[in-house]
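The chain contents come next:
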There are 6 protein chains.
Amino acid sequence: MAQDERTWEAGERRRLQLLTWPDIEEYLQSSRSILIPIGSTEQHGPTGLLGTDALCPEVLSRGIAARTGALIAPTLSIGMAQHHLGFPGSISLRPSTLIAVVRDVVTSLASQGFERFFFVNGHGGNIATLQAAFSEIHADVSYGMQSNRPSLQFQLHSWWMMPSVRARSAELFGEAEGSHVTCSEVSLTHFAHGPHMKSRPLSPKIAPKGPIGDSRDFRSRFPDGRIGSDPTLANAEAGETLYEAALEDLCAAWEEFAKTA
Amino acid sequence: MAQDERTWEAGERRRLQLLTWPDIEEYLQSSRSILIPIGSTEQHGPTGLLGTDALCPEVLSRGIAARTGALIAPTLSIGMAQHHLGFPGSISLRPSTLIAVVRDVVTSLASQGFERFFFVNGHGGNIATLQAAFSEIHADVSYGMQSNRPSLQFQLHSWWMMPSVRARSAELFGEAEGSHVTCSEVSLTHFAHGPHMKSRPLSPKIAPKGPIGDSRDFRSRFPDGRIGSDPTLANAEAGETLYEAALEDLCAAWEEFAKTA
Amino acid sequence: MAQDERTWEAGERRRLQLLTWPDIEEYLQSSRSILIPIGSTEQHGPTGLLGTDALCPEVLSRGIAARTGALIAPTLSIGMAQHHLGFPGSISLRPSTLIAVVRDVVTSLASQGFERFFFVNGHGGNIATLQAAFSEIHADVSYGMQSNRPSLQFQLHSWWMMPSVRARSAELFGEAEGSHVTCSEVSLTHFAHGPHMKSRPLSPKIAPKGPIGDSRDFRSRFPDGRIGSDPTLANAEAGETLYEAALEDLCAAWEEFAKTA
Amino acid sequence: MAQDERTWEAGERRRLQLLTWPDIEEYLQSSRSILIPIGSTEQHGPTGLLGTDALCPEVLSRGIAARTGALIAPTLSIGMAQHHLGFPGSISLRPSTLIAVVRDVVTSLASQGFERFFFVNGHGGNIATLQAAFSEIHADVSYGMQSNRPSLQFQLHSWWMMPSVRARSAELFGEAEGSHVTCSEVSLTHFAHGPHMKSRPLSPKIAPKGPIGDSRDFRSRFPDGRIGSDPTLANAEAGETLYEAALEDLCAAWEEFAKTA
Amino acid sequence: MAQDERTWEAGERRRLQLLTWPDIEEYLQSSRSILIPIGSTEQHGPTGLLGTDALCPEVLSRGIAARTGALIAPTLSIGMAQHHLGFPGSISLRPSTLIAVVRDVVTSLASQGFERFFFVNGHGGNIATLQAAFSEIHADVSYGMQSNRPSLQFQLHSWWMMPSVRARSAELFGEAEGSHVTCSEVSLTHFAHGPHMKSRPLSPKIAPKGPIGDSRDFRSRFPDGRIGSDPTLANAEAGETLYEAALEDLCAAWEEFAKTA
Amino acid sequence: MAQDERTWEAGERRRLQLLTWPDIEEYLQSSRSILIPIGSTEQHGPTGLLGTDALCPEVLSRGIAARTGALIAPTLSIGMAQHHLGFPGSISLRPSTLIAVVRDVVTSLASQGFERFFFVNGHGGNIATLQAAFSEIHADVSYGMQSNRPSLQFQLHSWWMMPSVRARSAELFGEAEGSHVTCSEVSLTHFAHGPHMKSRPLSPKIAPKGPIGDSRDFRSRFPDGRIGSDPTLANAEAGETLYEAALEDLCAAWEEFAKTA
């Protein structure tokens, strides 16, 4: 079980980083839309990869782009993960910093003609800050400060919340899915980065649940980093199933969003 | 149909603004929790009050406090409403400003011993920014900057999303509820501020739906300010039903939250 | 002795929060001016209300509006009160936060056509920061950043410094007036919110005086929170006298300011 | 008529910039106080120097230091003068920038043991922002963020508002003093920087008065930059009189402030 | 000519994103050092990849890690490139944003025990801002704000400025190297990402030189984006030579830096 | 040996602070360029003046202006010197603060027609932050925020790095020059401010070298504040030689820069 090399390569060819400025100038002739993968770098329990939340939107973005021709911006691989800082290797931006980053990325591209921004997100902790960032960007126009700028459009899709993914995930893992270090995300990294996966004993089998506060509180509630999940159930085959489910919904959403421009 | 005066008065007596510092010192002997009403000042269509989103959590806070003894902080009556600025009278804080306000309010109270903050929210547009603000506050501890501060706990309850309210609202208004200038919020202001309500013809009967962007985009999609609603169905009697439904859930949530301290 | 209900109600009807956006659109046909009450939430000694500095401009604003038709923005009830944080219940914004709040409130309203902002202030600690905020807002035009925006005008009136109030206050209380938890402000809250007033023994009778620094320094210089005052002299009758004195000057100032637009 | 060279030189020897770090280490053995001259660089009408507001506190600081041994920090020669930007050569910091500058200067010195900061100010437009800056600095302690720092003390003396200066100024110039490009400040620069003074015809003789807004508004109200003054009356002899009056009060204030440490 | 697969894979295994938190906890037992690749996403002429400046430090980081065991943080692939925004596809952070990002990344890792940060940089425009960021981070300790934090150490290595690279580059390309879209960086991307390279006619053969200002000024001086270079000379064989030269110096620098911990 | 009085006086007459707004209006008829001296206030070892880094660009600016007619802005005498804060008397702005200061100074002058800014710098620690500040200013145009503003041009000349100075310095002092409290800068202050110089025994004769971190790290590596220098070799005669060498290069650079406007 492993990711299809041809799809990956086709996706790679849609990465802005692997294109030239005349390529983008040409793309803008027919589209005002861009796909921005955003994730996080944070602990995923004793066996999950620290990069899980960035790696998942990266592999999905390649798939979307291979099928739809979407242009892929560089992955924003560090997100808002202050609650995970108690575990070594977790890296977080403050919400105010992430807002500034998103504002600068979007206004860079908007100054060149992009108007529609489609975020593929891998981390729940990013959602609130991203929505705040969109409002912060809109505010420039809303307060009359940048009234000659076109109105920008944003969509934020958290891959694990797409209906098709939720349906598959419920069938595959039921209650053991959990809400951090989920079986689904670990499965998707097995599918995409199989050779890197670790195996370590996990105890208890299903991790505890509870509210999320600061990093000190988090580590005391969730000693090994998992919340409510049993990621030993994760596997590459399930990862492929979820990959296909996510692509189905995400490609449809992109097509709908991008055609409006 | 009108709000019960005695309940209102009992709630008023729980307002921090109408107490003295020795009263608060005494309160802190037995509780580390405080209730913070947060709303917005923004257009609510041709007939809804500009203050609707602040007035609703204010009246509910009085009710909660009258029944549970909760301490009520001053209402934060201006929220994040940049998308409404195209309509006169709407006032908004940028997300970055609202984050700073919430940080200062919370750290003021935390410096005196408060540890648990229960927000009763009246505006959907505040949710993302409030959650970002909580993370911004937690980050001080999570980065090791304020490691001698106790871990703070936050809960955010948007009154119209409480299960009992949703159930009543669906029964009362069905599809006509909409998502801005909802029948429910207008009903609640009828119940609490009846004499101020306006009547103007609305057309179309049910307002259009769609995504929310900047204020220019908003006004062109939703010409009279409503989204998906027919607030002519609103009435004080429904308002009282919803008030009771909301209190039922909110009082239970407060009791659970406050007992943990 | 109690506040006149009809005046209060007439004032309530001039609150932006209790109006609709078409009401404001209509108001803007004949006026570019708005009244903004601003206060603070901070200790007022063992017997004064924590909300004193917001409650006073609130009641005065209702009076001004009842007599002049001024439009009243939502009260900014949390101000710059860092020096009071040593007493439980005090809540402060940092100067930089309050500047951002005032900037956002003013630019929200300016984007809709308001040009003249009349602040009725209840707290000495707000004055410097408000004036800095006005300059921060002016700077956008002065540096050539927002050159297409009309020039905005600000007036800041601290009610206790109006000449008529100072004259009455000197007659009524002489030296016992003090400079924090003054007899005047406590009297005005007796007049407006009588039922909430507390009585506790105060010692010494007249509180000490001195410079204001950080909250630690403040609490050690002024152990019960008062500065130079003996608020046991306060009473509702004096409050009514001061209320009338303040309205006399404030209504005249509003009429002069608002007619220029 | 010219400034006394020996006093100037004695003052120069108290400038931090002309001392070494062991000199300051030794000074801190016996004093925790420092004098900070702060001014502005802004138009002073057709004949007044752009640097007037910084040059005045500079010369006064040399005098204070010569007589009292005070240590003089570098002059902050650019202040908050957004309203003057319509006249070439005016330079302003935004209030938020000046707050950051004052915070950094003060916390630099506080980290080495300074606790008492005596500002000699030459510009009315700085006053509000400086007071806001002091509160911003105090807030670090007041919110419990830097609780191990000693409480800092600030005094702000605007030289032209010292009682002795006001008395002399009223005798010398009466109504013609005005409020910008005053006879007093121009006289003091004649005394201190005589050779640089310009003579140009001024019309009207006494400039208009009025409120201060943004730079566009300012230039239209005050076409040549003066407010209410007739600086043709200024002269070096008056400058010396005012210099002595200012020193009398400022030296007394410094002695009182610095002895407390 | 292509990059060695085994070296790449060995480097991949040193990426923090592909490890788990217990792996990092173990790493911290023997090292306090981490390698952070930082680049930019900006136009590289008609034929160079937009991601060149991030792709180069990425491939070099894998090489360094494969040979030394260094731990690799996620690539910061968007840098300070405001001057390139006139060309579609360029994305920039403001200097103030990049400072915030670096501060958050470093303080995240420092809270877990990292003390030594080795940046491998691919973009000249990042250098000043990165050095400013290091000072901003140090300032927390220097002002006495975070005095219980260990002193952090930073090194910044711009790969094309390493002595061995400069020597090889001068031999290979002489004057045609240029200063943007250099033959060296294009060669290194040929070596690492060969299949993606474009070929388009370039005119003039060697691009003009000049100072760098804002994006409008940049595009008018350098119409196709190159500065002083003829990247048609670039090739994968030269890329491999430069890769080996860079690794030689960078591995030595890392070994020296990391052993000090 | 002492500085030529006539040159100094001629330079003084070119200081913006000693001119009037009509003088600047006239200057702008023929030039869009201005010279901004920038320094630092920081320890310069047991014998060097704390103001060395500001005093040097000040005296050089007078010389440049006397010879070329350049207009001199007020000296920015406090720079980015966080690493020196461990020595009493050092004062620093954070990089983010210095960026804001430079932005405000430049945009003040740009709003009046200045377009070319020539910084004469006295402190190595300022260089990175100044370059970041220039990019921050350019970004307003580059992101399309201030597109109607002319493109601004910046040059930054650190006087001790001018080729003629480096040549003279190498001849005069060789290895003993060092990199902080250099023989050259101390010589220049002897030449310009001779009477203030101190003599104290220094040990070791040549100070140690090493990397620069936070202030705590700095003081432990460089106990008396010097880095690699033996400033006992400094003298006024060498100062004059270096002054002439610097002026030669700086005047040529100014002439070239200013003629382009």
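- An unreviewed UniProt entry annotates chain A as Creatininase family protein originating from Fodinicurvata halophila.
- Under Cofactor (unreviewed entry), UniProt gives the following word-for-word description of chain A: "Zn(2+)".
- The record held by UniProt for chain A lists under Sequence similarities (unreviewed entry) the comment "Belongs to the creatininase superfamily."

1. A few points about the overall build of chain A
Move 1: Helix and strand content of chain A: nine helices and three strands.
Move 2: Ordered by position from the N terminus, the helices and strands of chain A form the series α-α-β-α-α-β-α-β-α-α-α-α.
Move 3: A globule of 261 residues ought to have a C-alpha radius of gyration of about 18 Å, and chain A, at 19 Å, matches this closely.
Move 4: Considered along the principal axes of its C-alpha atoms, chain A spans approximately 55 × 40 × 30 Å.
Move 5: For chain A, with 261 residues in total, the buried portion stands at 68%.

2. Description of the interface of chain E and chain A
Move 1: With 57 residues of chain E in contact, the opposing surface of chain A contributes 57 residues.
Move 2: Summed over both sides, the interface between chain E and chain A buries roughly 4,300 Å², with carbon and sulfur atoms accounting for 61% of that surface.
Move 3: Contact with chain A buries area across many residues of chain E, yet E:L18, E:W21 and E:P88 alone supply 17% of it, more than any other trio.
Move 4: Linking chain E with chain A are four salt bridges, by the criterion used here.
Move 5: Between E:R200 and A:D23 there is a salt bridge; the shortest N-O distance is 2.7 Å.
Move 6: Our count for the contact surface shared by chain E and chain A stands at 28 residue pairs in polar contact (both at pLDDT 80 or more).
Move 7: Among the elements that make up the side of chain E that touches chain A, the one with the highest residue count is helix α4 (residues 95–110) of chain E (eight residues).
Move 8: Counted by class, the side of chain E that touches chain A contains 25 nonpolar, 19 polar and 13 charged residues.

3. Re the pairing of strand β3 (residues 153–158) of chain D
Residue and element names in this part refer to chain D.
Move 1: Judged from the six bridges that link them, strand β2 (residues 116–121) and β3 form a sheet pairing that is parallel. Pairing of R116 across the sheet is with Q153, part of β3.
Move 2: Taken together, β2, helix α5 (residues 127–142) and β3 constitute a β-α-β crossover, and its handedness is right-handed.

4. Observations concerning the relation of the copies chain C and chain F
Move 1: The transformation that overlays chain C on chain F combines an axial shift of 0.0 Å with a rotation of 120°, and the residual RMSD is 0.0 Å. The superposition of one copy onto the other is thereby described by a three-fold rotation axis.

5. As for the pattern of salt bridges
Move 1: For the structure on display, the rule yields 90 salt bridges over all chains.
Move 2: As a salt-bridge pair, D:E256 and D:K259 come within 3.1 Å of each other at their nearest N and O atoms. Within this pair, D:E256 and its partner D:K259 are both found in helix α9 (residues 236–259), separated by three residues, close to a single helical turn.
Move 3: Residue classification places D:K259 among the exposed positions, given a relative accessible area of 60%.
Move 4: The salt bridge involving E:E244 is made with E:R67; its shortest N-O contact spans 3.0 Å. Note that E:E244 is positioned in helix α9 (residues 236–259) and E:R67 in helix α3 (residues 52–68), a separation of 177 residues in sequence.
Move 5: Accessibility expressed as a relative area gives 44% for E:R67, which makes it partly exposed.

6. With respect to the relation of the copies chain E and chain A
Move 1: Aligned on chain A, chain E shows an RMSD of 0.0 Å; the corresponding rotation is 180° and the shift along the axis is 0.0 Å. Here the copies are linked by what is in effect a two-fold axis. Among all C-alpha atoms of chain E, that of E:T97 lies closest to the rotation axis, at 3.5 Å.
Move 2: Interface overlap between copies is the fraction of interface residues in one copy that are interface residues in the other; for chain E against chain A it reaches 100%, indicating a shared surface.

7. Side note on the sheet that holds β2(D)
All names here are of chain D.
Move 1: Ordered in space as β1-β2-β3, the three strands form an open sheet in which the pairing is parallel. Every other strand in the sheet has two partners, leaving β1 (33–38) and β3 as the edge strands with one partner each. Sheet twist, expressed as the average angle between the axes of neighbouring strands with direction ignored, equals 20°.
Move 2: In this structure, β1 lies alongside β2, joined through six bridges in parallel fashion. In the strand pairing of β2, L35 is matched with F118.
Move 3: Set on the sheet, helix α4 (residues 95–110) makes contact with β1, β2 and β3; between it and β2 the angle comes to about 140°.

8. Re the interface of chain C and chain F
Move 1: Contacts between chain C and chain F engage four residues on the former and six residues on the latter.
Move 2: When the two sides are added together, the surface that chain C and chain F hide from each other amounts to roughly 440 Å², 47% of it contributed by carbon and sulfur.
Move 3: For the pair chain C and chain F, the number of links is zero salt bridges.
Move 4: The tally of links from chain C across to chain F stands at zero residue pairs in polar contact (both at pLDDT 80 or more).
Move 5: Of the residues in the side of chain C that touches chain F, the class split is two nonpolar, two polar and no charged.

9. So, the state of the cysteines
The bond known as a disulfide is covalent and runs between the sulfur atoms of two cysteines.
Move 1: In this structure the tally under the stated criterion is zero disulfides over all chains.
Move 2: Just so you know, B:C183 is unpaired, no disulfide at all, and the nearest cysteine sulfur is the one on B:C56, 13 Å from it.

10. Thoughts on helix α5 (residues 127–142) of chain E
Residue and element names in this part refer to chain E.
Move 1: Taking 1.5 Å per residue, 16 residues should reach 22 Å; α5 reaches 22 Å between its end C-alpha atoms and fits that length.
Move 2: Most of α5 is tucked away: 14 of the 16 residues are buried.
Move 3: Just past α5, the residue G144 takes up positive phi, approximately 80°.

Conventions and cut-offs
- Residues numbered from 1 in each chain as written.
- Chains lettered and ligands numbered in written order.
- Predicted model: local features only at pLDDT ≥ 70, side-chain atom pairs only at ≥ 80, totals over all residues.
- Heavy atoms only, no water.
- UniProt positions renumbered as here; feature names shortened; annotations may be inferred.
- Helix = DSSP H or I, 4+ residues; strand = E, 2+ residues; numbered from the N terminus.
- Rg over C-alpha atoms; globule rule 2.2 N^0.38 Å.
- Buried < 20%, exposed > 50% of the residue type's maximum accessible area, 1.4 Å probe, protein only.
- Contact = heavy atoms within 4.5 Å.
- Buried area = accessible area lost by both parts, 1.4 Å probe.
- Salt bridge = Lys/Arg side-chain N within 4 Å of Asp/Glu carboxyl O.
- Polar contact = N/O pair within 3.5 Å; in protein donor to acceptor, adjacent residues only side chain to side chain.
- Nonpolar A, V, L, I, M, F, W, Y, C, P; charged D, E, K, R; others polar.
- Pairing = 2+ DSSP bridges.
- Right-handed = clockwise from strand over helix to strand, strands pointing away.
- Least-squares fit on C-alpha atoms with pLDDT ≥ 70 in both.
- Axes fitted to C-alpha atoms, helices over the stretch in contact; angles between N-to-C directions.
- Disulfide = S-S within 2.5 Å.
- Expected span 1.5 Å × (residues − 1).

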